[in-house]
Amino acid sequence: MTTQAYSYCRFSSDGQRGGVSIPRQIEKARAYSTAQGWSLDETLRDEGVSAYKGDHKAFGSLGKFLKLIKEGGIVKGSWLVIEAMDRLSREKISTALPMFFEILNSGVGIVTLVNDRQYTAAKIDKNPFELYEALALMSAANEYSAKLSERVTDAHRRDVQTVINGGKKILHGKPPFWLEQKDQGYVIHPTHGLLMKRIIDWAMEGKSNVWIARTLESKKIPTYAGKEKWSDSTVYHYLHSHSLVGEFQSKNQTAPILGYYPPMLSAEKFNALQAMLDTRKKFIKGRKGSGAMTNIFAHVMESGADATPCIIKCREQRGRKYFVLTDKNHEMLSFPYYALRSAFFRFVSEVNMTSPAHSSEALNDLIAQRVKLEKQLKSLEAILETGE
């Protein structure tokens, strides 16, 4: 029976795409496997995935390979062929070594081509010096990445300061998806900008993040990452991003850089959007997913005993489940939820949320907060004008 081998190829930087890194690693793995008489699987690749942060294990091909090992999907006696130890991991030894032994103890050997080594659990037990060599390579890989990360962080910090001082205009990294980079800065992308505006409009109309994500999927609009599936967390991130008003927030910078990006929204419209989202988060309760329901009576109906809000509870009677609206202490009379909701919509076709008769405590709180903030803003403007 032919021995099965798996080549694992990886590089960290997106800038290496289209280069020779992957072809070089595959060519070396092919030559080695051919010389050994092994059958080589070339599907394990992580392109632009970090081994220093462990991303290749979290959501990369290596993570899938490790899962297959645990599930018994990789035959004992197989080999994992890598160019060098740093392709497998650049994490700290305390993290890299357990993974190294997880592979070996499953009966799968590891080949590092750069130093022509074959590692197996049996060989290390017999000759511990091979483990010392592996540890030295792991340590060197981590140390190199740690120093590189520190240099990159320092360079980024200097670039940010240059931008603040009015010098450099463009920092490294991807801008928000609704923008595109030009020589002298950023501009709103002609099509992505329209998409972001549509997402904002939906949110202002009261549409939920889940609804927006599913609508984008139904229209077969791919995400910025090129994926077909949109998540409500992605929509949430876009709608709450201060990049919409032109701010840039660096991970290593406490204060944001104002006016770095062209704004999609004015500060006033952005604050209105956030107020809308915060109000919706406070009043719309329920779980997302199939079978989920939203309690439309939350903070509207209260218990007559202690004024606690009404909540949805699942009850079982004669082997059948049904939902009721009650209070958390079960002191009030319960109502069948679906029957009550149907009756409500049968008699109520529209609710005017702008009418004083329908004003809520939360709306009053928001108005009070706005008045307070406007006063604070005027005070700050006066201080800036007078210099006192």
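Residues numbered from 1 in each chain as written. Predicted model: local features only at pLDDT ≥ 70, side-chain atom pairs only at ≥ 80, totals over all residues. Heavy atoms only, no water.

**Observations concerning the packing of aromatic side chains**
Quick note on the threshold: Stacked, tilted and edge-to-face pairs are distinguished by plane angle, under 30 degrees for stacked and over 60 for edge-to-face with tilted covering the rest, among Phe, Tyr and Trp rings (Trp via its six-membered ring) whose centres lie within 6.5 Å. Only when the NZ atom of a Lys or the CZ atom of an Arg is both within 6 Å of the ring centre and within 35 degrees of the ring normal do we say a charge sits over the ring.
Per the counting criterion, the structure on display carries 12 aromatic pairs. Of the aromatic side chains, those joined through ring pairs into one cluster are Phe 177, Trp 178, Trp 230 and Tyr 238. Seen from the ring of Trp 211, Lys 207 lies directly overhead, with NZ or CZ sitting 5.1 Å from the centre.

**Side note on unusual backbone geometry**
Negative phi is the rule for most residues except glycine; trans is the rule for most peptide bonds. Put simply, the test is: Elements are defined by DSSP. Helices are runs of H or I of four residues or more, strands are runs of E of two residues or more, and each kind is numbered from the N terminus.
A positive phi angle is found at Asp 116, which is not glycine, with a value near 55°. If you trace the backbone, Asp 116 turns up in the loop between strand E4 (109-112) and strand E5 (117-119). Even without being a glycine, Lys 220 presents a positive backbone phi close to 55°. Locating Lys 220 in the fold gives a position in the loop between helix H9 (209-218) and helix H10 (232-240).

**Details of H9**
Spelled out, the test is: Exposure is judged per residue with a 1.4 Å probe applied to protein chains only, and the accessible area is read against the type maximum: over 50% gives exposed, under 20% gives buried, and values in between give partly exposed. Note that the arc is defined by the directions from the helix axis to the C-beta atoms.
If you check which residues of H9 are buried, you get Asn 209, Ile 212, Ala 213, Thr 215 and Leu 216. Looking straight down H9, one finds its buried side chains confined to an arc of 165°; they lie on one side. Relative to its buried face, H9 has exposed residues pointing more than 90 degrees away, namely Arg 214 and Ser 218. Following H9 by one or two positions, Lys 220 adopts a phi angle in the positive range, close to 55°.

**Details of the confidence of the model for the protein chain**
Worth spelling out the cut-off: How sure the predictor is of each residue is captured by pLDDT, a score from 0 to 100.
With 70% of its residues at a pLDDT of 70 or more, the protein chain has an overall mean of 79. The element-level mean pLDDT for the protein chain is lowest in strand E9 (residues 320-327), coming to 64, with strand E3 (residues 79-82) highest at 96.

**Details of the environment of Tyr 186**
If you trace the backbone, Tyr 186 turns up in strand E7 (residues 185-188). It is 6.2 Å that separates the C-alpha atoms of Tyr 186 and Tyr 261, two residues lying 75 residues apart in sequence.

**Considering the nonpolar core**
For soluble globular proteins, the rule of thumb is that nonpolar side chains tend to be buried together. Put simply, the test is: We define the nonpolar core as a collection of buried residues of types Ala, Val, Leu, Ile, Met, Phe, Trp, Tyr and Cys that are connected through side-chain atoms lying within 4.5 Å of one another. Here, two residues are considered to be in contact whenever any of their heavy atoms come within 4.5 Å of each other.
In this structure, Met 196, Ile 199, Leu 239 and Leu 244 are the most contacted members of the largest nonpolar core, which totals 28 residues. Elements that contribute at least two residues to this core include exactly helix H8 (192-204), H9, H10 and helix H11 (267-283). Take this core: its biggest share by element is six residues, from H8. Those residues in contact with Met 196, other than ones at most four positions away along the chain, are Phe 177, Trp 178, Tyr 238, Leu 239, Leu 244 and Met 264. Of all hydrophobic cores here, the second largest spans 26 residues; its members include Tyr 8, Phe 65, Ile 69 and Ala 96.

**A word on the pattern of salt bridges**
Any two side chains of opposite charge can pair if their charged atoms end up close together. Rules: Salt bridge, as used here, is a side-chain nitrogen of Lys or Arg placed within 4 Å of a carboxyl oxygen of Asp or Glu.
Within this structure, the stated rule accounts for 12 salt bridges. A salt bridge links Glu 205 to Arg 198, with the nearest nitrogen and oxygen atoms 3.1 Å apart. For Glu 205, a relative accessible area of 49% translates into the label partly exposed. Residues participating in the shared-partner salt-bridge network are Arg 24, Lys 28, Glu 83 and Arg 87.

**Section: the sheet that holds strand E1 (residues 4-11)**
The test is simple: Two strands qualify as a pair provided that DSSP identifies no fewer than 2 bridges between them. Interaxial angles span 0 to 180 degrees and are taken between N-to-C directions of axes, which are lines fitted to C-alpha atoms, for helices over the stretch in contact.
Pairing in this open sheet of five strands is mixed, and the strands run E2-E1-E3-E4-E5 from one edge to the other. Only two strands of the sheet have a single neighbouring strand rather than two, namely strand E2 (39-47) and E5. Averaged over all pairs of adjacent strands, the angle between their axes in this sheet comes to 25°, without regard to strand direction. Two strands pair when backbone bridges link them, and E3 and E4 are joined in this way by four bridges, in the parallel orientation. Across the sheet, the residue bridging to Ile 82 is Thr 112, located in E4. Packed onto the sheet, helix H3 (residues 61-70) meets E1, E2 and E3 and runs at close to 130° relative to E2. Its contacts with the sheet place helix H5 (residues 93-105) against E3, E4 and E5, and it is angled at close to 120° to E4.

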